[in-house]
Amino acid sequence: MSATPLQLTILGSGTSMGVPTIGCRCAVCTSPDPRDNRMRTSVLLSRNGQNVLIDTTPDFRSQALRAGIERLEAVLLTHGHADHIMGFDDLRPLSIGQKRPMPVYGNAQTFDIVRRAFAYAFDGKPKVSSVPSVLLKEINGPFELLGVRITPIPLEHGEMQVFGFRFGKAAYLTDFNAVPESSLAMLEGLDDLVLDALRDTPHPMHQTVEQALALVDKLKPKRAWFTHIAHDLGHAETNQRLERLGYGHVQLAYDGLQIEVATEASAHGAPSEVSEIAGLAVFDAAEKWRGFYGAGGRGSVLAIGNFDGIHLGHQAILKRAVELAAKTGAVATALTFEPSPLKVLRPESAPKRISTPEQRLEWFRAVDVESAVVLPFTVELSKLTPQQFVENILLRELAVRAVLVGENFRFGHKQAGDTNLLRELGSMHGFEVIALPPVSAHGEVVSSTVIRREIAVGNVTQAGRLLGRPYVLTGEIVRGTGTGHKFTFPTLNLKPDQELLPAAGVYITRTVLDGERKSRRSVTNIGVRPTFDGTALTVETHLLDFVGVAPARMELRFWKRLRSEKRFSGPEELRAQIARDIRSANRFFTLLRKFRILRLSD
Ligand SMILES: [Zn+2]
Ligand SMILES: [Zn+2]
Ligand SMILES: [Zn+2]
């Protein structure tokens, strides 16, 4: 299975002082060739409209404006030298726009330098003006960003240990003079290698052209690109020299150069140690979370629950966990179970779930939870006594410092443990326990049971109020029977991932097509389509403003029920009713925009 390629853009290819160098009149510094203009070294990785930046150079602002960067999913820092971090403050406009701290990946030494150089961003004191809002994530193995596995490559840069990075079939290695033997193995089979080649004369912390070529000979990438280039090397002339030496596949990189990088599909490719959803670390096996929470770690603030739907009550628990974690420095963690305990213990009475694991992870991220631990719920796990559950899982595995649960939380074999027992165990083992009462909204106590009931009867507006967002179905777009299509309006058929569908009928919805950010006005029919003697339950959506080829997947947000499904005398009558439905939907959205009646996110 081939995957969307990653795009690597060279934002800067110059050495620490940049080229031209201030005050220098040499041939390269005064060259009219734009490729001899080199900002400080940095690259941008882009995939499916998302970006990751490597290094915030002193030129970062100019680089971001030139490349049109409006959003960053994360920043990777190779090391703490000034020419790689001094643009850190310019993350401010991006973090303001993104409403959540920007994840920044690096090693401990780099973070020490960043914390000292930009102390005002880390002292926790109230500020009159904005500061970069970041979440420092120490790298301790491969991780995933943009749906691609990122492998850190340890390199030697004089006395300093720095990181290069491999992603798919490319690697970016700036600032080094030696590659440890153990790192060489991680650089096999590359299509593109971007590597340090400062100049011809030796330097204690950088490679010369000759050393860079020797490494190219050893690693044998299909193509290689020099970076961190000093003003000693003119672009055109050095490329000609490389060609003459028989290195036609090796060239100097230049600012603005774009390289397409092949990636493996992450879903079925090599599994990563920690999978990430835009900054949320996700652990679904003990080997993985052990490395994260193990000895000497930050400990966890745990919000425990099934979190089906992540409704207003769940959101309150998760937000408290995030606040408490921020105060104590622990990891804000959502602890949840897969499959749901009831499905294992009493499958016949397990309710239909209103969210998928993917949605729950996305919503954890949206409230700034830092890590999700998905405990595989097995019969063995269900046999742990409350004491064993606390000691084996919460304490030993997750180094718990505080637990947040709903008031009616039960745990351990035969649900023997309640919040009182949890408090006792907490005071015994030294962790805090906070049990939150249920949240009420719009005259109802918010619970997954109530929300399921509202959805099942088609009251999607009330369900949305209790969820804090419209009820959402996601899934593949499938081919319908085509019967209705000929007679009425073009529709897209959804095969929902969720177990619970709203009652049969016609709904005002908004549709997000895969690959698009904006939602589109739509009308959705759920039912058996009685007019065409159908029998299978279908979810058919008519987009009010879409002409084109539908993608593979879409998301439907249910705003309001319009009417129940009815049988019409023929296609003409059905067509007239659908036209009325579309007018109702348009009126609804226009009103909504005007008055913002429902404060639901869109
Ligand atoms: Zn450098
Ligand atoms: Zn010069
Ligand atoms: Zn350096």
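Keep in mind it's a predicted model, so treat the numbers as computed, not measured.

Colleague: Explain the pairing of strand S20 (residues 400-406) to me, using residue names and the numbers behind them.
Modeller: Counting buried positions over the seven residues of S20 gives six, a clear majority of the element. Looking at chain direction, strand S17 (residues 300-304) and S20 are connected through four bridges and run parallel. Paired with serine 300 across the bridge in S20 is valine 400. Direction of pairing for S20 relative to strand S21 (residues 432-436): parallel, over a ladder of five bridges. Pairing of valine 405 across the sheet is with alanine 435, part of S21. Taken together, S20, helix H14 (residues 419-429) and S21 constitute a β-α-β crossover, and its handedness is right-handed.

Colleague: Let's hear about the pattern of salt bridges: which residues, and what values?
Modeller: As enumerated under the stated definition, the model contains 23 salt bridges in all. Between aspartate 36 and arginine 38 there is a salt bridge whose closest N-O contact spans 3.3 Å. For arginine 38, a relative accessible area of 2% gives the class buried. For arginine 360, the salt bridge goes to glutamate 338, with nearest N and O atoms at 3.1 Å. Of this pair, arginine 360 sits in helix H11 (residues 357-366) while glutamate 338 sits in strand S18 (residues 331-338), and the two are 22 residues apart along the sequence. We classify arginine 360 as buried; its relative accessible area is 3%.

Colleague: Provide a residue-level description of the confidence of the model for the chain, including the pertinent values.
Modeller: Across the chain, pLDDT averages 88, with 92% of residues at or above 70. In this model, residues 482-488 is a region of pLDDT below 50 whose contacts with residues beyond four sequence positions or in other chains number 13 contacts.

Colleague: So what about the environment of valine 472? Which residues, and what values?
Modeller: Inspection of the secondary structure puts valine 472 in strand S24 (residues 471-478). Separated by 163 residues in the primary sequence, valine 472 and glycine 309 have C-alpha atoms spaced 9.4 Å apart. The residues touching valine 472, leaving out its near neighbours within four places in the chain, are Gln359, Gln498, Glu555, Leu556 and Arg557.

Colleague: How would you summarise the packing of aromatic side chains if you had to cite specific residues and measurements?
Modeller: Any aromatic ring pair is given by two values, namely how distant the centres are and how the planes are angled relative to each other. Tallying each qualifying case throughout the model produces 12 aromatic pairs. Summarising the aromatic geometry, the rings of phenylalanine 307 and phenylalanine 364 are spaced 5.5 Å apart at their centres and angled 90° between planes, so their arrangement reads as edge-to-face. With phenylalanine 307 in the loop between S17 and helix H9 (312-328) and phenylalanine 364 in helix H11, this residue pair connects regions lying 57 residues apart in the sequence. Of the residues examined, phenylalanine 307 reaches a relative accessible area of 2% and is grouped as buried. According to the relative accessible area criterion, phenylalanine 364 is buried, its value standing at 1%. Between phenylalanine 588 and phenylalanine 589, the aromatic rings sit 5.3 Å apart at their centres with planes inclined by 70°, giving edge-to-face as the arrangement. Overall, the relative accessible area of 2% leaves phenylalanine 589 in the buried class. Among the aromatic residues, those joined into a cluster by ring pairs are Phe88, Phe118, Tyr120 and Phe122.

Colleague: How would you explain the coordination of the zinc ion (ligand 1) if you had to name every residue and give the values?
Modeller: At this site the zinc ion (ligand 1) is bound by Asp83 (OD), His84 (NE2), Asp175 (OD) and His228 (NE2), with donor distances of 2.1 to 2.2 Å. Each of the four donor atoms bound to the zinc ion (ligand 1) contributes to angles spanning 86 to 163°, and the resulting shape is irregular. A separation of 3.4 Å is found between the zinc ion (ligand 1) and the zinc ion (ligand 3), which share aspartate 175 as a coordinating residue. Within this pair, whereas histidine 84 is found in helix H2 (residues 82-85), its partner histidine 228 is found in the loop between strand S12 (223-227) and helix H7 (235-244), the two being separated by 144 residues in sequence.

Colleague: Pulling in residues and values, what's your account of the coordination of the zinc ion (ligand 2)?
Modeller: Protein-derived coordination of the zinc ion (ligand 2) comes from Cys24 (SG), Cys26 (SG), Cys29 (SG) and His231 (ND1), at a distance range of 2.0 to 2.3 Å. Note that the zinc ion (ligand 2) binds four donor atoms; their angles at the metal cover 105 to 115°, and the shape is tetrahedral. Motif for the zinc ion (ligand 2), donor spacing along one chain: C-x1-C-x2-C-x201-H. With cysteine 26 in the loop between strand S1 (6-12) and strand S2 (42-47) and histidine 231 in the loop between S12 and H7, the pair connects residues that are 205 residues apart, well separated along the chain. By relative accessible area, which is 23% here, cysteine 26 ends up partly exposed.

Colleague: An account of the sheet that holds strand S28 (residues 538-543) is requested, with residue identities and associated values reported.
Modeller: One closed barrel holds the six strands; their spatial order is S24-S25-S28-S27-S26-S29, and the pairing between them is antiparallel. For this sheet, the mean inter-axis angle between neighbouring strands, taken without regard to orientation, is 45°. Bridge count for S24 against strand S29 (residues 553-563) is six bridges, and the pairing is antiparallel. Bridged to glycine 475 within S29 is methionine 554.

Colleague: Give a description of helix H4 (residues 108-117) that names residues and reports values.
Modeller: Burial in H4 covers these residues: Thr110, Phe111, Ile113 and Val114. Looking straight down H4, one finds that the buried residues subtend no more than 160° of arc, so they occupy a single side. Check the buried side of H4 and you find it contacts H2, strand S5 (102-106), strand S6 (134-138) and strand S9 (160-167).

Colleague: Give a detailed account of the pairing of strand S26 (residues 505-513), specifying residues and quantitative values.
Modeller: Among the nine residues in S26, nine count as buried, and that is most of the element. Note: S26 against strand S27 (residues 520-527), seven bridges, orientation antiparallel. Among the inter-strand pairings, tyrosine 507 is bridged to a residue of S27, identified as threonine 524. Adjacent in sequence and paired antiparallel, S26 and S27 are bridged by six residues, among which glycine 515 carries a positive phi angle near 90°. As judged from the eight bridges shared by S26 and S29, these two strands associate in the antiparallel manner. Bridge pairing in S29 places threonine 511 opposite leucine 556.

Quick notes on the rules
Residues numbered from 1 in each chain as written. Chains lettered and ligands numbered in written order. Predicted model: local features only at pLDDT ≥ 70, side-chain atom pairs only at ≥ 80, totals over all residues. Heavy atoms only, no water. Buried < 20%, exposed > 50% of the residue type's maximum accessible area, 1.4 Å probe, protein only. Helix = DSSP H or I, 4+ residues; strand = E, 2+ residues; numbered from the N terminus. Pairing = 2+ DSSP bridges. Right-handed = clockwise from strand over helix to strand, strands pointing away. Salt bridge = Lys/Arg side-chain N within 4 Å of Asp/Glu carboxyl O. pLDDT = per-residue confidence, 0-100. Contact = heavy atoms within 4.5 Å. Phe/Tyr/Trp six-rings, centres within 6.5 Å; stacked < 30°, edge-to-face > 60°. Donors = N, O, S within 2.8 Å, 3.2 Å for Na, K, Ca; no water. Tetrahedral: all angles 85-135°; square planar, octahedral: opposite > 155°, others 65-115°. Axes fitted to C-alpha atoms, helices over the stretch in contact; angles between N-to-C directions. Arc of directions from axis to C-beta.

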